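# Breakdown of the fold
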Amino acid sequence: MLKKIITSLCTLCILFTVASGVLAAEPIKIGALLAVTGPPSFLGDPERNTAVMLETQINNAGGINGRTLKVIIYDTQGDATKAVQAANRLIKDDNVSAIIGPSTTGETMAVIPIVEAAGVPLISCAAGIKITEPTKKWVFKTAQNDSLAVERIYDHLKKRNINKIAILTVSDGFGSSGREQLKLKAESFGITIVSDEIYGPKDTDMTAQIVKIRGSKAQALICWGTNPGPATIARNAKQLGLTMPLYMSHGVSSKKFIELAGDASEGIILPSGRVIVAHMLPKSDKQKKSLLAYVNNYKKHYNVGGDHFGGHAWDAVMLLKGAIERGGDAPDAIRKELENTRNFRGIGGIFNFSPQDHAGLTKDAFVLVTIKNGNWTLVK
Amino acid sequence: MDLSEDILQYILSGLSTGAIYAVIGLGFAIIYNSTSIINFAQGEFVMLGGMLTLFFHVTLFLSLPFSIFLAVLVATAVGALFERLAISPLKNADPLILVIITIGGSILIRGIAMLLWGKDTYVLPMFSGDEPIVLWGATLMPQNFWIFGITLIIIVANRLFFHHSIIGKAMRACSFNRVASSLVGINVKHTVLFSFAISSALGAAAGIIIAPLTMTSYDVGIMLGLKGFCAAIIGGMSGGIGTVAGGLIVGVLESLGAGLISSGYKDAIAFIILLLILFLRPQGLFVKGDTERV
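Turning next to the domain arrangement of chain A. All names here are of chain A. According to the domain assignment, chain A contains domain 1 (28-144 + 288-361) and domain 2 (147-272). When each unit is reduced to the centre of its C-alpha atoms, the spacing between domain 1 and domain 2 is 30 Å. Counting from both sides, the interface comprises 6 residues of domain 1 and, opposite them, 8 residues of domain 2. Counting the surface lost from both domain 1 and domain 2, the interface buries some 620 Å², and carbon and sulfur atoms represent 66% of this. Joining domain 1 to domain 2, the criterion identifies 0 salt bridges. One can count 0 residue pairs in polar contact (both at pLDDT 80 or more) joining domain 1 with domain 2. The class makeup of the residues in the side of domain 1 that touches domain 2 is 4 nonpolar, 2 polar and no charged.

Before going further, it helps to examine the sheet that holds strand S4 (residues 122-124) of chain A. All names here are of chain A. Taken together, the 5 strands give an open sheet; going across it, the order is S2-S1-S3-S4-S5, and neighbouring strands pair in parallel fashion. Across the chains shown, the open sheet's two edge strands, defined by having one partner strand only, are strand S2 (69-75) and strand S5 (139-141). Put simply, the sheet's adjacent strands are angled 25 degrees from each other on average, direction ignored. The pairing of strand S1 (residues 28-34) with S2 spans 7 bridges and is parallel. If you follow Gly 31 over to S2, its bridge partner there is Ile 72. Here helix H2 (residues 41-60) sits on the sheet in contact with S1, S2 and strand S3 (98-100), set at roughly 165 degrees to S2. In the packing of helix H4 (residues 105-118) onto the sheet, the strands contacted are S1, S3, S4 and S5, and the crossing angle to S4 comes to about 170 degrees.

Moving on: the pairing of strand S13 (residues 367-372) of chain A. All names here are of chain A. In terms of residue burial, S13 counts as a mostly covered element, since 5 of its 6 residues are buried. Bridging between strand S10 (residues 269-272) and S13 involves 4 bridges; their strand directions are antiparallel. By the bridge assignment for S13, Leu 270 is matched with Val 369. Here S13 folds back onto strand S14 (residues 375-378) in antiparallel fashion, the turn holding 2 residues, of which Asn 373 has a positive phi close to 50 degrees.

Between chain B and chain A, the contact holds 33 residues from the first and 27 residues from the second. In total, about 2600 Å² of surface goes out of reach between chain B and chain A, with carbon and sulfur atoms giving 51% of it. Together, Lys 119, Met 215 and Ser 263 of chain B form the three largest contributors to the area buried by chain B at its contact with chain A, with a combined 19%. Our count for the chain B to chain A interface comes out at 2 salt bridges.

Structural remark: α-helix, 3.6 residues per turn; residues separated by three or four positions point the same way. Across the 8 residues of helix H7 (residues 207-214) of chain A, 7 count as buried, placing the element largely inside the fold. Of the residues making up H7 of chain A, those classed as buried are Thr 207, Ala 208, Gln 209, Ile 210, Val 211, Ile 213 and Arg 214 of chain A. Looking at the buried residues of H7 of chain A, the elements they touch are strand S6 (164-170), strand S7 (192-199), strand S8 (220-224) and helix H8 (229-239) of chain A together with helix H1 (3-35) and helix H10 (241-261) of chain B.

Another aspect to go through is helix H4 (residues 95-117) of chain B. All names here are of chain B. Here H4 contains 23 residues, and its C-alpha end-to-end distance of 33 Å stays within 8% of the 33 Å for a straight helix at 1.5 Å per residue. Within H4, the full set of buried residues consists of Leu 98, Val 99, Thr 102, Gly 105, Ser 106, Ile 109, Arg 110, Ala 113 and Trp 117. Residue Gly 118 follows H4 closely and has a positive phi angle near 80 degrees.

What counts as what
Note that residues are indexed from 1 along each chain, following the sequence as it is written. Starting at A for chains and at 1 for ligands, labels are handed out in the order in which the entities are written. Note on the predicted model: pLDDT of at least 70 is required for a residue's local features to be given, and 80 or more for side-chain atom pairs to be given and counted; whole-chain, interface and lining totals, by contrast, use all residues. In computing side-chain properties, one takes all heavy atoms of the structure into account and sets aside hydrogens as well as water. What marks off one domain from the next here is an automatic or database domain assignment. Only heavy atoms matter for contacts: two residues are in contact if any of them lie within 4.5 Å across the pair. What gets called buried area is simply the loss in accessible area from a 1.4 Å probe that two parts show on being joined, summed for both. Each salt bridge in this description consists of a side-chain nitrogen of Lys or Arg and a carboxyl oxygen of Asp or Glu lying within 4 Å of one another. N or O atoms within 3.5 Å of each other form a polar contact, as long as, within protein, one can give a hydrogen and the other can take it, and as long as residues adjacent in sequence are counted only when both atoms are side-chain atoms. Polar here means any residue outside two lists: the nonpolar Ala, Val, Leu, Ile, Met, Phe, Trp, Tyr, Cys and Pro, and the charged Asp, Glu, Lys and Arg; Gly therefore counts as polar. A pair of strands counts as paired when DSSP detects no fewer than two bridges linking them. Labels follow the DSSP assignment, with helices taken as runs of H or I lasting at least four residues and strands as runs of E lasting at least two, numbered in each case from the N terminus. To obtain an axis, a line is fitted to C-alpha atoms, over the contacting stretch when the element is a helix, and the angle between two such axes runs from 0 to 180 degrees between their N-to-C directions. Note on exposure labels: buried denotes an accessible area under 20% of the residue type's maximum, exposed denotes more than 50%, and partly exposed covers the range between, all computed with a 1.4 Å probe on protein chains only. For a helix, the expected span equals 1.5 Å multiplied by the residue count minus one.

Shown next as structure tokens:
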């Protein structure tokens with residue numbers, strides 16, 4: 001008797017699940033490969049938070065075309081091998097329509113052959129120029145190219161009539177890519193690099209490099225790295241009484257840098273996405289609205305303002321949302337609609353994708369900021 | 001800015017980092033001498049020193065001197081606990097197994113620190129301001145003088161403890177011959193516990209005095225630990241002046257190498273020295289080769 005009841009209950013349950021599956025439309029599935037833990041967690045953590053926040057927000061507003069959005073997030077820990085395994089899982093087991101991430105250039109390069117073979121659109125949140133150059137059929141990205149940041153700095157140096165510079169770059173992927181671009185673009189701006197120094201990501205004292213730079217004929221120093229190295233460099237430069245102007249990369253455009261470098265951060269100039277100076281932008285700025293909405297929304301959910309890095313995930317999710325709204329969630333349709341995206345006002349800049357350009361940004365994506373009284377100020 | 005001033009700056013910066021390597025190296029040597037294992041968790045106590053001070057000072061609003069005192073105390077307790085839970089239960093285990101256990105311990109401590117404090121980098125306030133001090137054309141921070149001063153005190157105290165106190169002498173006796181020591185009534189198990197406690201305290205002290213200059217995060221221990229290991233190897237794992245000299249040599253050569261040769265090779269320099277010493281003089285630079293008595 002009991003056996004019969006259980007069997008019939010089970011049958012009912014199965015019938016019910018099948019029926020409800022048919023009634024409600026299938027959710028739209030997007031995969032995310034983010035370095036939530038591990039060394040690049042300063043990228044992956046805000047990216048994950050942003051993706052989760054947007055998922056709830058979009059579903060509360062009725063989903064995409066009446067269907068709910070489901071973001072499946074795997075933590076890659078910044079490890080290319082894990083990123084590749086997770087990408088395979090997303091494509092083969094989870095059947096996602098598109099993927100956002102990975103967070104770093106190294107992981108993205110490892111995942112590219114997989115998405116290219118499977119024909120699934122990927123919007124990377126990493127900055128490396130080789131991700132979209134040469135253009136790959138299925139690969140897009142939202143983080144600004146290093147070369148755009150370099151151009152911004154060189155523009156400013158030219159305005160100040162500086163043509164001899166020193167560079168101090170970190171010996172990891174971010175630093176070597178920046179170093180490459182700094183050297184590549186220097187000539188076309190009439191700039192000579194008179195001193196080319198390197199430091200390790202875990203180094204605790206950079207006075208030796210700065211003394212060497214101080215003794216060179218450089219008129220300005222450009223440092224390329226992510227926290228905490230550049231903060232140590234700023235402190236060492238102050239200790240040694242370095243008088244030349246100090247420029248940094250967009251890798252330190254977060255409040256954490258000011259906190260770490262303290263007084264030594266005063267007067268440092270760096271290119272940054274608009275997000276950290278959102279409230280200072282003139283009303284005419286086309287991105288201002290999206291930026292303020294993102295920063296405030298993030299603050300409401302996580303008690304800190306949204307940053308540059310989470311912005312890459314915001315752009316990726318919202319670009320996908322737009323593409324799916326216009327053309328449905330078939331991978332090929334998403335890819336086509338992404339290529340047709342024009343004037344998308346995102347966090348990282350105003351995106352204009354095309355079949356030839358899968359990065360979509362110009363150097364206007366960056367503004368120059370400086371640090372005054374422990375806060376960001378726009379450089380006019 | 002002439003070259004001699006630059007070189008002075010390299011040497012002073014190098015001495016300051018070298019002093020830290022020396023204190024960490026002493027920690028390695030003390031444990032090696034009483035247990036003949038290399039405690040690869042040593043770097044994690046450096047991290048604990050900095051992070052615990054930060055926790056007591058910034059999160060619990062205690063005064064800096066008191067926070068430092070508590071941090072050393074807690075780190076010492078963690079070191080002693082580590083010995084009780086992981087090293088002491090394995091009686092007569094092969095040193096290699098114990099070394100691997102210390103590596104496991106270091107990963108565990110680092111992981112717990114990551115869960116407790118997150119992955120961010122934090123900064124500890126300088127002990128006495130951040131106005132640079134000019135010294136014959138080179139500039140140093142007041143914190144550098146704290147590093148020199150405290151390192152000197154640690155070295156002297158270390159010497160006094162091991163040569164003039166009964167516990168210290170007992171510990172040295174154990175390092176020469178464990179069986180004979182236990183025969184004359186020395187409690188060998190206690191000396192092992194002591195050596196772990198002392199070297200954790202040393203590591204924590206190093207971590208605290210360097211944190212205002214270099215900042216601290218859950219993973220600073222790895223690199224500093226390895227550099228301290230280099231110092232101890234150069235000093236032939238001696239608990240005294242050899243290891244101190246080893247640390248200073250590594251620090252100064254790194255700094256000179258980065259300044260005069262190429263900054264890209266800074267870390268390579270320390271490890272090239274390490275390999276050369278291991279190949280050519282495995283007994284250390286300052287130790288006359290001794291014969292193993294059977």
